Amino acid sequence: MPNPSDAPAAVPTGVIHDIGYRPYSGPRLGERAVARALFVTGLRNCFGLGRSGRSKILPMTLFGLMLLPALILVGILVQARKLLGLDDHIVAYSVYPVTTQLLISIFVASQAPALISRDLRFRTITLYLARPTRRSTYVLVRMASLTAATFVLIASPLLLMYVGGLLAELPLGRETGRFLAAAFAALLLAACLSGLAALVAALTLRRGLAVAAVIIVLLVSYTVVSIIQGISFDTGHETVGEVAGLFSPYTLVNGVQVFLFDSQESTATPPTGIGMGLAYLAATAVTLLGTVGAMLARYRRIPT
């Protein structure tokens, strides 16, 4: 007759099994170090650094194409300023991101699924959450990585234009003020685009579909808004165009830049008056906070 004491011990539940790292008894770096590593890795991966050579082709090509027009414009400004009678940039700081929006949208659309969709689709997200990393920390760090990479993409040609303006002996104070305003707007635009792209990528797990969905959301919205603004301007209903500008990240951020810094507008119907300017600021805040809240809600439903 078997002895009751020989019965197998109950298997503990709710623990991480020994897969090689549990016996470690030294100091652990904690959530802050994990977040820092995730941010740096995500930022590098957006430009293909630390990945295969094929992964570098698209982001580096887009980065070069973003710089090329600025380099040409700066060359014309520096070399032919007196000949052409130029006393300002050919393309304003505030207009350049809207002019190159196709490149920016493709970059965001291609990198958001790489940071977001892949971990969700292949369930590797559970490995991150098994460490001392809260869901909110993971979401914020991933969005911050994409925002930082997009900001680098947008702000680099603006910095090149600023340096070119100084070389062309444009007024230092004026150029510095305009560049700082453009850098702030570039950060806002990068945050809005990254939030929307990350949310779409989190809801569309297949990478190809996520890329297409992000491009559609960003470019179609701008196209529709631009058509409405053009028609409203031609028909004398500018207010309709101003309201339409709230529904595209590019026109929204440009409107905020026009309202706060009196920058050059890139649309036919920029916001006029304090009321409409405050509406643009409120819409920007809603976009940023709304995308973060929606992302947090999406990740709360993921089992660990």
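## Notes on the overall build of the protein
Secondary structure summary: the protein contains 12 helices and 0 strands in total. When each of the 304 residues of the protein is scored for burial, the buried share is 42%. Of the contacts made within the protein by residues no fewer than 6 positions apart, 76% connect residues no fewer than 24 positions apart. Surface accessibility of the protein: about 15,800 Å² in total, with carbon and sulfur atoms responsible for 68%.

## Thoughts on unusual backbone geometry
Of note in the backbone geometry, Glu 169 takes a positive phi value of approximately 65° without being a glycine. For Glu 169, the location among the structural elements is in the loop between α7 (135-167) and α8 (172-203). Relative accessible area serves as the criterion here: at 63%, Glu 169 is assigned to the exposed category. The phi dihedral of Asp 262 is positive, around 55°, even though this residue is not glycine. Within the fold, Asp 262 resides in the loop between α11 (249-261) and α12 (273-300).

## Things to note about the environment of Tyr 250
With respect to the helices and strands, Tyr 250 occurs in helix α11. Spatially, the C-alpha atom of Tyr 250 lies 8.7 Å from that of Leu 193, the residues being 57 residues apart in sequence. Those residues in contact with Tyr 250 that sit more than four places away from it in its chain are Pro 97, Val 98, Gln 101, Ile 104, Ser 105, Leu 189, Leu 193, Leu 218 and Tyr 222.

## Overview of the packing of α8 against α12
Two elements in contact, α8 and α12, have axes whose closest approach is 9 Å; the angle formed by their N-to-C orientations is 30°. In this view, α8 runs roughly parallel relative to α12, as classed from their interaxial angle. Crossing of α8 against α12: the hand is left-handed. Contact residues: α8 offers Leu 188, Ala 191, Cys 192, Gly 195, Leu 196, Ala 198, Leu 199, Ala 202 and Leu 203, while α12 offers Thr 284, Thr 287, Leu 288, Thr 291, Ala 294, Met 295 and Arg 298. Here the residues of the contact of α8 with α12 sort into 11 nonpolar, 4 polar and 1 charged.

## Digging into the environment of Gly 230
With respect to the secondary-structure elements, Gly 230 resides in helix α9 (residues 207-234). Distance in space between the C-alpha atoms of Gly 230 and Thr 269 is 7.9 Å, their sequence separation being 39 residues.

## Considering the packing of aromatic side chains
Under the counting rule described, the total for this entry stands at 7 aromatic pairs. Measuring from ring centre to ring centre gives 5.8 Å for Phe 184 and Phe 261, while their planes differ by 75°; the resulting arrangement is edge-to-face. On the criterion of sequence distance, the pair formed by Phe 184 in helix α8 and Phe 261 in helix α11 is long-range, its members being 77 residues apart. Phe 184 sits in the partly exposed class, given a relative accessible area of 38%. Ring centres of Tyr 222 and Tyr 250 lie 6.1 Å apart, and the angle between their planes is 80°; on these two criteria the pair is classed as edge-to-face. In this pair, Tyr 222 sits in helix α9 while Tyr 250 sits in helix α11, placing the two residues 28 residues apart along the sequence. According to the relative accessible area criterion, Tyr 222 is buried, its value standing at 16%. Judged by relative accessible area, Tyr 250 falls into the buried class, the value being 2%.

## Some details on the nonpolar core
In a soluble, globular protein the nonpolar side chains are often hidden away together inside. If you look at the biggest cluster of nonpolar residues, it comprises 60 residues, and the most contacted ones within it are Ile 104, Phe 107, Ile 116, Leu 158 and Met 295. Considering every element that reaches this core, the biggest residue donor is α8, with 15 residues.

## Observations concerning the pattern of salt bridges
In total, this model carries 3 salt bridges according to the counting rule given. One salt bridge in this structure joins Asp 88 and Arg 174, with 3.8 Å as the shortest N-O distance. Residue Asp 88 is found in the loop between α2 (53-84) and α3 (96-99), and its partner Arg 174 is found in helix α8; the two are separated by 86 residues along the sequence. Here Arg 174 falls in the partly exposed class, since its relative accessible area comes to 28%. Given the relative accessible area of 24%, Asp 88 is considered partly exposed.

What counts, and where the lines are drawn
Residues numbered from 1 in each chain as written. Predicted model: local features only at pLDDT ≥ 70, side-chain atom pairs only at ≥ 80, totals over all residues. Heavy atoms only, no water. Helix = DSSP H or I, 4+ residues; strand = E, 2+ residues; numbered from the N terminus. Buried < 20%, exposed > 50% of the residue type's maximum accessible area, 1.4 Å probe, protein only. Contact = heavy atoms within 4.5 Å. Areas by Shrake-Rupley, 256 points an atom, 1.4 Å probe, with all protein chains shown as cover. Axes fitted to C-alpha atoms, helices over the stretch in contact; angles between N-to-C directions. Parallel < 35°, antiparallel > 145°, perpendicular 65-115°, else oblique. Left-handed = near helix turned anticlockwise from the far one by under 90°. Nonpolar A, V, L, I, M, F, W, Y, C, P; charged D, E, K, R; others polar. Phe/Tyr/Trp six-rings, centres within 6.5 Å; stacked < 30°, edge-to-face > 60°. Core = buried A, V, L, I, M, F, W, Y, C linked by side-chain atoms within 4.5 Å. Salt bridge = Lys/Arg side-chain N within 4 Å of Asp/Glu carboxyl O.

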